Amino acid sequence: MRTVDSRSGTPPAEPARPAHPDSPAGPAVRHGVVLFVTCLALGAVVSAMASLNVALPSLARETHASQTQLSWVVDAYSLAFASLLLPAGALGDRFGRRRALVAGLVLFAVGSVLAVFTKDADELIALRGLLGVGAALVMPATLSTITSTFPREQRTKAVSAWTAVAGASAVVGLLTSGLLLQEWSWRSVFLLNVVLAAVAAVGTLAFVPESAEAERPRLDAVGALIAVLGLLALVYSVIEAPTRGWADPLTLGGIALGVLVLAAFVGWELRREQPLLDPRLFRNRRFSAGSVSVTLQFFVFFGFIFVAMQYLQLVRGDSPLVAAVSVLPLAGALVPATRLTPRLVARVGVRRPWVVGLVLVAVAMAVLSRLGTDSPYWLVVAGLVPLGAGMGLAMTPATTEITDALPRALQNVGSAMNDLSRELGGALGIAVLGSLLSAGYRTHLHLPAGLPPRAADAARSSLAGASGVGGPVADGARHAFVDGIHQTLLAGAGVALLAAVVVALLLRGTRSRSAGRGEQVGEQVGEQAGAADGPASLPDGAVPRPGSTGPMPDGTGSMPGSTGSMPDGTGPRPDGTYTDKRQPQPR
């Protein structure tokens, strides 16, 4: 397989003549098949984050996992996923995105096979972490493969499809898991992972072209280690807070340690010539708005999924399949909204649909916070529809703005930054909202006098344990769980409103380069790349970056006086965007 230069789409032997990604100079790329394979790999790793939520009640009964351990079973995957996304993206840039994709799928499959045979909750937590390592290699490679192999005129639709799959896979994973659990145990969920990973790996080897950077950027191993340690300390302390207490010195110390280590990561990256993540990017208000939005909206989304699956099965008494089907209205609203967003942006600009989407998420959380032990299903639907529509409206513009500031040479790290915001938000959402739920449940749980200690411990550990005790203990536990849901989802509504306010403020007085180009709003990296031949120019309807003196040869705007530079020739502008100095800038 010939290596394709991601900047031009041609073999590196002809650097002087950038070619179209489907240029006849290289082997023909079957774009439809590449899109299918990459979206299949994406769907496998995204659905794995949510699909196990359906199996939590049966998993808790079989492994005797506590409510805190259940949080870890879900969050170990998200935490490993989020912590390693940036170094995994850099590995893809250095050694090849196709190789990273295959390696990640293999790790994902191996971890799933081992999970099938485990009976211990702690072992399962460790194996979920291994799956997260594989997923971190897979997800950034899927998006950067699309942006480096698809021609500009096809890239918008391809990225829009990627966004739809990323958004809907969680719900599809819930439904598929529900179907499996009708006949088999929770282990069947991991067997499905094996099948999906195997098919995606074979398809990748057969159809996906290799792409890597000719300069082979150095990997910032120290920065990666600092980031992982900071995230581990922070998330561990939050998840363990209900058990130890939020005022416990270990809890407060762990949270403070995590924040300090992450601050040290920022300081380290500022001094690096080739940083894992350049903090100067956050000077760009649109990049910051996208990062904040994705982080907070998925904080709410995955926290809600963690809560909702337990509510539907353990409070309403639904089977796993019925519980999964019950959330389909969310996907029914999310996918059309995702596809509609580019047209809305073309008509009214990026700010309004984006902010309205986040407000809809907040409204949905407020509605769902009113659920009780005997609430009708229409109340569930009344919350799911605005949640899906709001996520769909906010996802595409947020995802676009995150990677729009990066040059093509760093597109895999840009994709990883998008995914990092998503998975970090999900990990923190499950940790924080799960902790609030656990604390609320224990606070409102009142056990009858004379209950045997073993039964009392089971009831306090989780709602699944209380359901196993039965009788008045189970009834009281369901009411306590619902009381915990009220405060948990109201907190989620507050987080979504905070995201809406931050995005509205950051976008005030700015104009998106995607404005007026609705069909290209879903395009992320390299949306302003020039044609293969002829003079460089900005695409029709696009505007140069602020303060630009003219278009670069690759079609992007340039700004004089940028500070700092990367050894490969890229350097941050004062507004946080990057310029490529390896080619002369027109004056």
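These numbers were taken from a predicted model, which means no experiment stands behind them.

Criteria and thresholds
- Residues numbered from 1 in each chain as written.
- Predicted model: local features only at pLDDT ≥ 70, side-chain atom pairs only at ≥ 80, totals over all residues.
- Heavy atoms only, no water.
- Helix = DSSP H or I, 4+ residues; strand = E, 2+ residues; numbered from the N terminus.
- Buried < 20%, exposed > 50% of the residue type's maximum accessible area, 1.4 Å probe, protein only.
- Contact = heavy atoms within 4.5 Å.
- Areas by Shrake-Rupley, 256 points an atom, 1.4 Å probe, with all protein chains shown as cover.
- Salt bridge = Lys/Arg side-chain N within 4 Å of Asp/Glu carboxyl O.
- Phe/Tyr/Trp six-rings, centres within 6.5 Å; stacked < 30°, edge-to-face > 60°.
- Axes fitted to C-alpha atoms, helices over the stretch in contact; angles between N-to-C directions.
- Parallel < 35°, antiparallel > 145°, perpendicular 65-115°, else oblique.
- Left-handed = near helix turned anticlockwise from the far one by under 90°.
- Nonpolar A, V, L, I, M, F, W, Y, C, P; charged D, E, K, R; others polar.
- Core = buried A, V, L, I, M, F, W, Y, C linked by side-chain atoms within 4.5 Å.
- Expected span 1.5 Å × (residues − 1).
- Polar contact = N/O pair within 3.5 Å; in protein donor to acceptor, adjacent residues only side chain to side chain.
- Patch = residues over 30% accessible without salt bridge, like charges linked within 9 Å, V, L, I, M, F, W, Y side chains within 5 Å.
- pLDDT = per-residue confidence, 0-100.

Time to look at the overall build of the protein. Within the protein, the secondary structure is distributed over 18 helices and four strands. Counting all 587 residues of the protein, 62% fall into the buried class. Here the analysis covers contacts within the protein between residues at least 6 apart in sequence; of these, 78% occur between residues at least 24 apart. Taken as a whole, the protein presents about 21200 Å² of accessible surface, with 65% of it coming from carbon and sulfur.

Before going further, it helps to examine the pattern of salt bridges. Per the stated rule, a full pass over the model turns up two salt bridges. In this structure, D318 and R316 form a salt bridge, with 3.5 Å as the shortest nitrogen-oxygen distance. Its relative accessible area of 17% is what places D318 among the buried residues. By relative accessible area, R316 is classed as partly exposed at 28%. With its nearest N and O atoms 2.3 Å apart, the salt bridge here joins D475 to R478. Of this pair, D475 and R478 both sit in helix α18 (residues 471-507), three residues apart, which is roughly one turn of the helix.

This part covers the packing of aromatic side chains. Inspection of every chain in the model, using the stated rule, returns seven aromatic pairs. With 5.6 Å between their ring centres and 80° between their planes, Y77 and F81 make a pair best called edge-to-face. Placement of the pair is Y77 and F81 together in helix α3 (residues 67-95), with a separation of four residues, close to one helical turn. Given the relative accessible area of 0%, F81 is considered buried. Note on F301 and F302: the rings are 5.3 Å apart at their centroids and 80° apart in plane angle, and the pair reads as edge-to-face. Residue F301 shares its accessibility class with F302, and that shared class is buried. Members of the aromatic cluster, joined through ring pairs, are F298, F301 and F302.

Running from N to C, helix α4 (residues 97-116) and helix α5 (residues 121-149) cross one another at 155°; their axes reach a closest spacing of 7 Å. By the angle between their directions, the pair α4 and α5 is classed as roughly antiparallel. Of the two possible hands of crossing, α4 and α5 adopt the one that is left-handed. Across the contact of α4 with α5, the residue classes tally to 16 nonpolar, eight polar and one charged.

With that out of the way, let us pick up the nonpolar core. Formed by 154 residues in total, the largest nonpolar core has its most connected members in Y77, F304 and W354. Examining the composition of this core, we find that 19 residues originate from one element, helix α10 (residues 285-315), more than from any other.

The end-to-end C-alpha distance of helix α1 (residues 31-51) is 29 Å, a good match for the 30 Å that 21 residues give at a rise of 1.5 Å each. With 17 of 21 residues buried, α1 lies mostly within the body of the structure.

Attention shifts here to the side chain of T118. With respect to the helices and strands, the residue T118 is situated in the loop between α4 and α5. Among the polar contacts listed, one links the side chain of T118 to the backbone nitrogen of D120, at a separation of 3.5 Å. Apart from residues no more than four positions distant in its own chain, T118 is found in contact with E123, L124, L127, W186 and R187.

Here we take up the environment of L463. By the secondary structure assignment, L463 is in helix α17 (residues 463-469). A residue is classified by how much of its surface remains accessible, and L463, at 0% relative accessible area, is buried. In the structure, L463 is positioned 25 residues away from S438 in sequence and 9.5 Å away in space, judged by C-alpha atoms.

Attention shifts here to the packing of α1 against helix α7 (residues 187-207). The geometry of α1 relative to α7 is characterised by a closest axis approach of 9 Å and an angle of 155° between their N-to-C directions. The angle between α1 and α7 places the two elements in the roughly antiparallel class. Taken as a pair, α1 and α7 cross one another with a handedness that is left-handed. In this structure, α1 uses V33, V34, V37, L40, A41, A44, A48 and S51 to contact α7, whose residues at the interface are V189, N193, L196, V199, A200, G203, T204 and F207. Its residues assigned to classes, the contact of α1 with α7 shows 12 nonpolar, four polar and no charged.

Looking now at the environment of G258. With respect to the element layout, G258 can be found in helix α9 (residues 249-271). By relative accessible area, which is 0% here, G258 ends up buried.

Together, V106, V110 and L114 make up an exposed nonpolar region whose accessible area comes to about 240 Å². Residue classification places L114 among the partly exposed positions, given a relative accessible area of 44%.

For residues with low pLDDT, the predicted coordinates do not support detailed interpretation. Across the protein, the average pLDDT comes to 74, with 77% of residues at 70 or higher. Taking the mean pLDDT of every element in the protein, the minimum, 44, falls on strand β1 (residues 3-5) and the maximum, 92, on helix α13 (residues 351-368). This model gives residues 1-26 a pLDDT under 50, and the stretch forms 62 contacts once residues within four places in sequence are excluded. Confidence drops under a pLDDT of 50 for residues 513-587, and excluding neighbours within four residues, the segment shows 192 contacts in the predicted structure.

Moving on, we get to the environment of T118. On the basis of relative accessible area, T118 is assigned to the buried category, the value being 4%. Looking at T118, its side chain comes within polar contact range of the side chain of E123, at 2.8 Å.

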